[in-house]
Structures are given as structure tokens and as C-alpha cells.
Amino acid sequence: MARREMEGVRVFEYGPFINAAYAGKLMADLGAQVIKAESPDGDDPARIHGPFPGDIPDLEKSGYHLYANANKFGVTLRPESPTGRRLFKALAAWADVLIDGTQPGELASLGLDYDQLQTVNPRLVMVGISSLGRSGPYGEYKGYDLTSWHASGASHVYQGEPDREPLWGAWNNASHWGATNAAVAATIALHARELTGRGQYVDVSEAEALASLFLAVEVSDFNQSGACKVRAGVKGMEGHAPSTMRQTKEGWVFVMALAPHQWDNLVEVMGNPDWATTPLFRGTSRERAPYAEEIYGLMAEWLESHTARELFELCQARGVPAAPVNTVKDLYEDEHLQARGYFVEQDHPAAGRLRMAGAPFRISGQPWRIDRPAPLLGQHNEEVYCGLLGLPKAELPDLRRAGVI
Amino acid sequence: MTETSQDTVLPFKGLRVLNFGWYWVCAVIAHILADMGAEAIKVESWQRLEVLKSLAPFLGGIEEPDRCMWAHNLSRNNLGITVDLRSKRGRELILDLVRQSDVVVENWTPGTMKKLGLDYESLRRVRPDLVMISPSGAGQTGPLHHISTYGSVLGPLAGLDGMNGYEGERPIPFGMALPDPIAGVFGAYAVLAALRHRNETGEGRYIDFSQWEAMTSTLGVPLLDYHWNRRVATPMGNRSPIFVPHNVYPCQGEDNWLSIAVYSEEEWRGLCRALGEPPWLDDPRFADKFRRKRHEPELDECIAQWTRERSHYDAAALLQAEGVAAFPASSARDLYTDPHWKARDAWLEVEHPYGREVIYGLHLKFSDTPGSVRTNCPFIGEHNGLVFGDLLGVPAGELAHLEETKVLY
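None of the values given here were measured: they were computed from a predicted structure. (Residues numbered from 1 in each chain as written. Chains lettered and ligands numbered in written order. Predicted model: local features only at pLDDT ≥ 70, side-chain atom pairs only at ≥ 80, totals over all residues.)

Concerning the overall build of chain B
Now for step 1: Helix and strand counts for chain B come out as 17 helices and 12 strands.
Now for step 2: Counting only C-alpha atoms and orienting by the principal axes, one finds that chain B spans roughly 85 × 50 × 45 Å.
Now for step 3: Classification of the 409 residues of chain B by burial places 58% in the buried group.
Now for step 4: Counting only contacts in chain B whose residues sit at least 6 apart along the sequence, the fraction spanning at least 24 positions is 67%. (Helix = DSSP H or I, 4+ residues; strand = E, 2+ residues; numbered from the N terminus. Buried ≥ 20, exposed ≤ 12 C-beta atoms within 10 Å, placed from the backbone. Contact = placed C-beta atoms within 7 Å.)

Remarks on the overall build of chain A
Now for step 1: For chain A, the count of helices and strands is 17 helices and 12 strands.
Now for step 2: Summarising its shape, the C-alpha atoms of chain A cover approximately 85 × 50 × 40 Å along the three principal directions.
Now for step 3: The proportion of buried residues among the 405 residues of chain A is 57%.
Now for step 4: Considering only contacts within chain A whose residues lie at least 6 apart along the sequence, 70% involve residues at least 24 apart.

A short note on the domain arrangement of chain B
Reports of interface size often rely on the accessible area that becomes lost once the parts have come together.
Now for step 1: Domains assigned within chain B are domain 1 (16-218 + 344-404) and domain 2 (246-331).
Now for step 2: Computed from C-alpha atoms alone, the centre-to-centre distance between domain 1 of chain B and domain 2 of chain B is 43 Å. (Domains from an automatic or database assignment.)

So, helix α1 (residues 25-35) of chain B
Residues and elements named next belong to chain B.
Now for step 1: In terms of burial, α1 is a largely internal element, 11 of the 11 residues being buried.
Now for step 2: Along α1, the residues that are buried comprise V25, C26, A27, V28, I29, A30, H31, I32, L33, A34 and D35.
Now for step 3: G37, located one to two residues past α1, shows a positive phi value of around 110 degrees.

With respect to helix α7 (residues 179-201) of chain B
Residues and elements named next belong to chain B.
Now for step 1: Look at α7: 32 Å from first C-alpha to last across 23 residues, which is about the 33 Å you get at 1.5 Å a residue.
Now for step 2: Burial analysis of α7 places 19 of its 23 residues in the buried class, which makes it a mostly covered element.
Now for step 3: Note on α7: the residue one or two positions beyond its end, G202, has a positive phi of about 80 degrees. (Expected span 1.5 Å × (residues − 1).)

Concerning the interface of chain A and chain B
Now for step 1: If you look at the interface, chain A gives 132 residues, while chain B gives 120 residues.
Now for step 2: Residue contributions to the side of chain A that touches chain B peak at 17 residues, all from helix α9 (residues 206-225) of chain A.
Now for step 3: Broken down by class, the residue content of the side of chain A that touches chain B amounts to 74 nonpolar, 39 polar and 19 charged.
Now for step 4: Of the pairings in the sheet, the one linking strand β6 (residues 201-205) of chain A to strand β12 (residues 365-366) of chain B comprises 2 bridges and is antiparallel in character. Bridge pairing links D203 of chain A to K365 of chain B in β12 of chain B. (Nonpolar A, V, L, I, M, F, W, Y, C, P; charged D, E, K, R; others polar. Pairing = 2+ DSSP bridges.)

A look at the sheet that holds strand β1 (residues 16-19) of chain B
Now for step 1: Reading across the sheet, the 7 strands line up as β12(A)-β6(B)-β5(B)-β4(B)-β1(B)-β2(B)-β3(B) and stay open at both edges, with mixed pairing between neighbours. Unpaired on one side and paired on the other, β12 (362-363) of chain A together with β3 (78-82) of chain B mark the two borders of the sheet.
Now for step 2: Sheet strands in contact with α7 of chain B are β12 of chain A together with β4 (103-105), β5 (131-136) and β6 (205-210) of chain B, and its direction is about 160 degrees off that of β5 of chain B. (Axes fitted to C-alpha atoms, helices over the stretch in contact; angles between N-to-C directions.)

What about the sheet that holds strand β7 (residues 243-247) of chain A?
Now for step 1: Here 3 strands make up an open sheet; going across it, the order is β7-β8-β9 (chain A) and the pairing antiparallel. Of all strands in the sheet, those bounded by a partner on one side alone are β7 and β9 (322-324) of chain A. Averaged over all pairs of adjacent strands, the angle between their axes in this sheet comes to 20 degrees, without regard to strand direction.
Now for step 2: Here 3 bridges tie strand β8 (residues 252-256) of chain A to β9 of chain A, and the two strands are oriented antiparallel to one another. Counterpart to F254 of chain A in the pairing with β9 of chain A is A323 of chain A.
Now for step 3: Set on the sheet, helix α13 (residues 308-317) of chain A makes contact with β8 and β9 of chain A; between it and β9 of chain A the angle comes to about 160 degrees.
Now for step 4: Set on the sheet, helix α6 (residues 151-158) of chain B makes contact with β7, β8 and β9 of chain A; between it and β9 of chain A the angle comes to about 15 degrees.

Here's the deal with unusual backbone geometry
Now for step 1: Here the residue pair A241 of chain A and P242 of chain A is connected by a cis peptide bond, since its omega of -5 degrees sits within 30 degrees of zero.
Now for step 2: By the secondary structure assignment, P242 of chain A is in the loop between α9 and β7.
Now for step 3: Cis geometry marks the peptide bond from A56 of chain B to P57 of chain B, where omega comes out at 0 degrees.
Now for step 4: Within the chain, N71 of chain A stands out as a residue other than glycine whose phi angle is a positive 70 degrees.
Now for step 5: For N71 of chain A, the position within the fold is in the loop between α3 (63-68) and β3 (73-76).
Now for step 6: Note on N71 of chain A: 22 C-beta atoms within 10 Å, which makes it buried.
Now for step 7: The backbone of Y23 of chain B shows a phi angle near 65 degrees, a positive value even though the residue is not glycine.
Now for step 8: Within the secondary structure layout, Y23 of chain B lies in the loop between β1 and α1.

Brief notes about the domain arrangement of chain A
Now for step 1: Along its sequence, chain A is organised into domain 1 (10-213 + 341-401) and domain 2 (252-324).
Now for step 2: Taking the mean C-alpha position of each, domain 1 of chain A and domain 2 of chain A sit 44 Å from one another.

What about the packing of helix α1 (residues 19-28) of chain A against helix α8 (residues 173-196) of chain A?
Residue and element names in this part refer to chain A.
Now for step 1: Packing of α1 against α8 leaves a shortest axis separation of 8 Å and a crossing angle of 50 degrees. When the interaxial angle is binned, α1 and α8 end up oblique. When you trace α1 past α8, the crossing you get is right-handed. Between α1, through N19, Y22, A23, L26 and M27, and α8, the contact on the second element is made entirely by S175, H176, G178, A179, T180, A182, A183 and A186.
Now for step 2: Of the residues assigned to the contact of α1 with α8, the class counts are 8 nonpolar, 5 polar and no charged. (Parallel < 35°, antiparallel > 145°, perpendicular 65-115°, else oblique. Left-handed = near helix turned anticlockwise from the far one by under 90°.)

Side note on the pairing of β5 of chain B
Residue and element names in this part refer to chain B.
Now for step 1: When you tally the buried positions in β5, you get 6 out of 6 residues, the bulk of the element.
Now for step 2: The pairing of β4 with β5 spans 3 bridges and is parallel. When the bridges of β5 are listed, V103 appears paired with V131.
Now for step 3: Sheet analysis places β5 next to β6, joined by 6 bridges and oriented parallel. Bridge assignment links S134 to a residue of β6, and that residue is D208.

Looking at the packing of α8 of chain A against α9 of chain A
Angle between the axes and distance between the axes: these two values describe a pair of packed helices.
Residue and element names in this part refer to chain A.
Now for step 1: Contact pair α8 / α9: the axes reach a minimum separation of 9 Å and the direction vectors enclose 85 degrees. When the axis of α8 is compared with that of α9, the two are roughly perpendicular. Residues A174, S175, W177, G178 and N181 of α8 pack against E206, A209 and L210 of α9.

Some words on the environment of M113 of chain B
Residues and elements named next belong to chain B.
Now for step 1: Secondary-structure assignment places M113 in helix α4 (residues 112-115).
Now for step 2: Assessed through the 23 C-beta atoms surrounding it within 10 Å, M113 is described here as buried.
Now for step 3: Counting along the chain gives 21 residues from M113 to S134, while the straight-line C-alpha distance between them is 9.6 Å.

Digging into the environment of P278 of chain B
Now for step 1: Following the sequence through the fold, P278 of chain B ends up in the loop between α10 (265-274) and α11 (289-294).
Now for step 2: For the pair P278 of chain B and G117 of chain B, spaced 161 residues apart in sequence, the C-alpha separation works out to 72 Å.

A look at the confidence of the model for chain B
Now for step 1: Overall, the prediction assigns chain B a mean pLDDT of 96, with 98% of residues at 70 or greater.
Now for step 2: Quick note on the complex model: pTM equals 0.97, ipTM equals 0.97. (pLDDT = per-residue confidence, 0-100.)

A look at the environment of A325 of chain B
Now for step 1: Mapped onto the secondary structure, A325 of chain B falls in strand β9 (residues 325-328).
Now for step 2: Accessibility expressed as a C-beta count within 10 Å gives 28 for A325 of chain B, which makes it buried.
Now for step 3: Each C-alpha atom of the pair A325 of chain B and H246 of chain B lies 9.9 Å from the other, and the pair is 79 residues apart in sequence.
Now for step 4: When near neighbours in sequence (up to four residues on either side) are disregarded, A325 of chain B contacts K142, G143, Y144 and T147 of chain A together with A261 of chain B.

Have a look at this one:
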């Protein structure tokens, strides 16, 4: 079988819920060998959150766990005891990369911070994902997806109605974001290790990475002009028209025309109504912005006489950027995604047949695939602790009894 | 510009990245490599400037493409060249440049690079181990490969925006193109992984990058909910199924909000302490997590009574002192003035020929090889002489002729 991009990389992943897990997934899906260590109690929120088949809670069938932890080996580990710490260090000694998704200070309080781990493995790359980062005045602050998202500015500036509360990035957007950045960080640090011969620590703040890459221009603007943009709700991207989400005969549609020719084409697609050809509305999307509400009001009749899908096709046929507001049902059934073989099917010993979202990108020369389903709790304890780390099999029962694994 | 001390390794020094990209995604991919030392070259043309450079804000408030602060943030550490890819000589020069490059990034409409004779098959003939990535809305194949999209259009298409909104209400679009920076980071990871493979095997790679698919892959869990239960995810505001409380609360001042997320019983007790153990905590409706979830609106109102009397930063500090995850919903002002982000050099004050300005810093903090912001976003075509003259050896006379005849323009 063709060699995959991250083959040969050993990853030790530790941390609850999604951020470390999704970072590990991105590497596992490209061929890295990923060992996920989790609490022997099975109380990782990824196993508790759901959704579950038939809505029946079962820690082996939670959606977050099954989606984020496929392609990995799973062990249980409680690093609070001296034996647990010894196993943790043995895994860190084995690994090229340790992805840490625990709260700031948590591993340090167990004597398992980077300085300690470096003594057992100087080539270890350790990537810590946290809400606000692990240095600075709030370097000890606790955070979850919700607080990362709001801290980044994404909500206050871009998400929600201006006279109501800012909104959360649904389905743990900030964690996925932090995870993707962590995969970038790990891969860069592995490149750097080729040159320096040593590992390093990378501090990934979900909020800072999002503030930098998503919000920076607003900070540039504030610094220059004192402007402090506030979310514009259904008006979408403020300062441009049309750029809005509207109700149709069936479903919602998003229509946008930034470049002048896109507006001209949209007017044609609408059948050249008199109102649209008035000179007032010509020009750039920014020149039209003051008339946004009038324009949307005038577009309503046309929008409401077509389904979102029809509007998508009509607009796209003339190069006007528009899209239906797809639901998960629409995506699940989408012909384009199916034609590209986006969804992957897999059998899980507890949850049965799964049909899941597939590769986030296609690299030539190797098929993206899922080789193994998400591990059952402690499924690979013997394989990893005895097979990989050389622990005598006779020790496993004691470790279980002591609650270490 | 930050100084790079001589003993700091720039991991991608010597790597050359050609960025033909429009707008946001490709610029993120290019600058993540460039921040780590790669030489990124932004390829553009006055014949058709990218829309990005017409977007406000502009440095000094004057609407000129070279003052666009979007570009100033995104194209730091890039060289800038101009070339008309429709001209034969222009394409020849680009092939010469590709021969000496490691990575090509482009997001023209699928098929455009092929029409120009600059698709992966053509480019690998001159550079067999080339890594190339082509982000597009829907990928290079499939019935919708041709669609025109912006990041703001991809959010709705990929399922993100349909879940954004107040609980039980209509979907609301994002005010900015979130799928673009997300795709940029996914794309950077794809390129980094492909470079790793190249270094190990000597083989190049082509990456067909559908922004839609990358975005949808972050929604793998609600898709499983549909697979199992035929449930269609709808907007849920600030609520989570397993956290309570989990919301934003109004604070002193105008439009100031504090986010609070509580998962464990231990955190709940921390919240109670931070709030000074008010009598309503004894209310049986809040006795355990299950009951708190059932009475979440009433609980939220009780917490809001406490937050309304405090500043969002003070309230966050009080809660954090008791081990509760809490932080303000930051405005642009908060982001710029917060000492935390200052201490982490999240924002860099840089000297641009048109004035001082603030751009973002190195968004990932590497302990050993931090990377650096070494140069400003280039003026359009600023480095034609350096790249075509010094690097490719085009004689000065021809260079002037090519600029005059708008081949390098």
C-alpha cells in the first residue's frame, strides 16, 4: 500500500473531549501511529456528550468519540499515582509528539510538564492546546470551547444580532480550530527537529489563533481609526450588499455579490426588474450597502418564488456566488459530495455500521481511509503497555486493580 | 519587524513558495510557511487585482490597493511580483520560477491553471517533486466543481451557518468568512504533511482541497446524529447538551458579556463560592446537574443578576479564582487592549512605508523555533527586479521591456 504522509510519526494524545482528539485524528488519518490515553472511568466528555444511536447513552457509542478517535489505539491511564506517572513518561519517551489537551497547570501539578518529559525524551515535540494559552496574565485560566470562542472576538464582532447576546460557534468550532492549528504546529516542529536534533514545546491558544487569523483586520482597524465593529445579525457581512441569508419558497439561501459583474449578472438572473436597474443600485457592493434593507425587501418576491436549491442553480449558472443553507440532511444526501466519495463507511463493534464525514482534503498518491474504528475503553492496554513499552503481562492485573489503567 | 537572532533556526529557510492565490485561504497557507522562514512570493497582476485589495480598511484611510490592511496582515513575509499569465513570455518565466520552487498555492476557478498550461502535470515536468495545493469551493471534480464561492457562501453550503443562531430561531449568517481562515489552516497542514512525505521519499504531491469538505469535516458529529437518529441540527445559541450553565451573561457597561461554562460538580461548587453562596443556590431546582439543565433559563437569570453588577473582566477573574471557566466576549477594543494578548505578542506594531500599523503576530508559540515577521506585505510588483532579474537572470534591458509591454504588470 502506498506510503502515507504522516507514516512513521508516533503520537501520544492526552486530554478530554475534542481538541486533542481531533488533532490526533488529523495525524492518524494520514498514517501516524496515535495512542490515545484516557481515564479508566470512561468519563471523557467525548464519551458522554453523544449523540448516540437511538438516543440511548452508551460510552462506547458516543458520536464525538467515534468520529474523533477512529484510526487510533486506545489505552486507559490515570497519571495521578507514581505508577501512572511512570507509564505516562514511558509513553512520552516512546512518542515523537505529545498532544496535550488538559487545562493549564494540570500536567505540571503531576510533575509531567515539558521540562520533566524532556528529560526522558529530548526529541519530544509537545503541543499544548488550551483556551487562552499557557503564558501571560491569564496563563493559568481555565477554558472550554465556549470561552475560547467568545474570547477570540468571533462572537462579539461577527455573530448574532447587535441588540442581543453574541453567539457561540456551534458544535465546538473553537476546539476543532485549535486542533487543526495543533496539527500544523506538530508538523512544523517535526520539520524543525530534523534541523536542530531536539524537540520543543508549542503553546496553542484556541482564542489567540482565532483572534489572529479571523479577527486581525478589525484590530488593525481599531488601532488606526478607533472603529469597533459589532455583529450585524441577519445582515451578514456588513458594509456590502447584497450579502445576506434569506427565506425562500423552500429553505434558506445565502446570496452575495461583491464584484460589479456579479451584481449585473444577479440582476439578469432576477429577470431585470425595474427597481434593480436604477442607477442608485449600480456599482460596487460597498456603494450599495446603505440601501441593503431596501434591496432585500425588493428581492423578497423573487426569492420567495423559488426554492433555495433553484436559486443556487440559477445564480451559479451566471457565476453569482450563492448557496443553499444546507442542513446535515442536505449534506448527508448531497450528490456532489457523494460523487466525490466524501462519506466513508465503517463498522464499529459496539455502534454498528457508521457513515461518516471523510477526508478534509485529497492528497494525490494515497487514498484517505479509516483502518480501524475508535477504540473501546482500554482496548489496546496490553498491546501498548506490554507489546510496545515492554511491561510484563503479569503487571496488568495489578494496574487494573489499583485503578491506574 | 521583529529581529531574528542568529542562533534561532527558521525551519523552512530555503523553501520557496509561489502563491497565485486570490483572497484569504492561500495567503494563510503561504504565510504560515513564510513565518517559519520560507520565501513566499505573491504572484499577482494589475490586469486583474484580487478583490481583497479593494476591501477596507486602508492604511491612512486612502483607498489604494497597496494600503489594504487585509493584505498587510495576510501577506507579511512575502515578496511581490506581477506577471500577466496570459502572455507566453510571462508563462515561460513562471515555469522558470516553478523550477526553483518547492510549493505552489493557487485557488483559481478549477480548470484555469490547466488552460494556462500551469496545472500540476505541466508544473511537475519542470519540478518533479513539487507540492501543489488548489483550494476551491467544492473541489476539482464532481458536479458542482465549477461553483463560484466566497468563504461567506461556503459557511451556508457546508452546513455551518444553518446551525448558527439563537436557540429555536432562524439561522443567521456569520459576519465574516470563517471558512476561509479555517481552510487556510487545514490547507497548511496538508502542505506540511506533503512536504514531510517529500523529504522522506523525494516524491511531490498534488492536493485537491475542497473548502466545503474541510468545513463539513468539522461537523462530523451532527452528521452522525442524522445518520443514527435522522435529527437535523438547528441553532442552539450558547447552549450545550452536557454543560450547565453554558451561556453569556450581561455585565456592566454597554454590550459587555461574560461567557461561563461549567461541566463538573467541582466547577459548580466553585461557581457557588464565586457568587458568594447566594440563597437561591439552595433552590431544589438547582440541586444537581440534571435539575439545573431542566431549569437552565431560571438559573441563567440568577447568574445574570450577579454579572450585571460587575465588569466583564472582574467577574471573569472572580470565577477563575474559584476554578470556573469564564471569559469576556471580546470586542476589537478588548482584543487590542487586553494585557494578556500584549504579553503574548498577539499584535505587532510594525512600521510600514505608509505609516505605523498593527498586524497579527505569530499565532502559534514555538519555544525553540518561534519564527518571525521579517518583512511587510510587499507593494504590488515590488520585487520584479529581485525575482526576475537577480533570481532568474533576466537582463535589465529585457526586464524594462517586459514591464513596459505589460508582461510583468
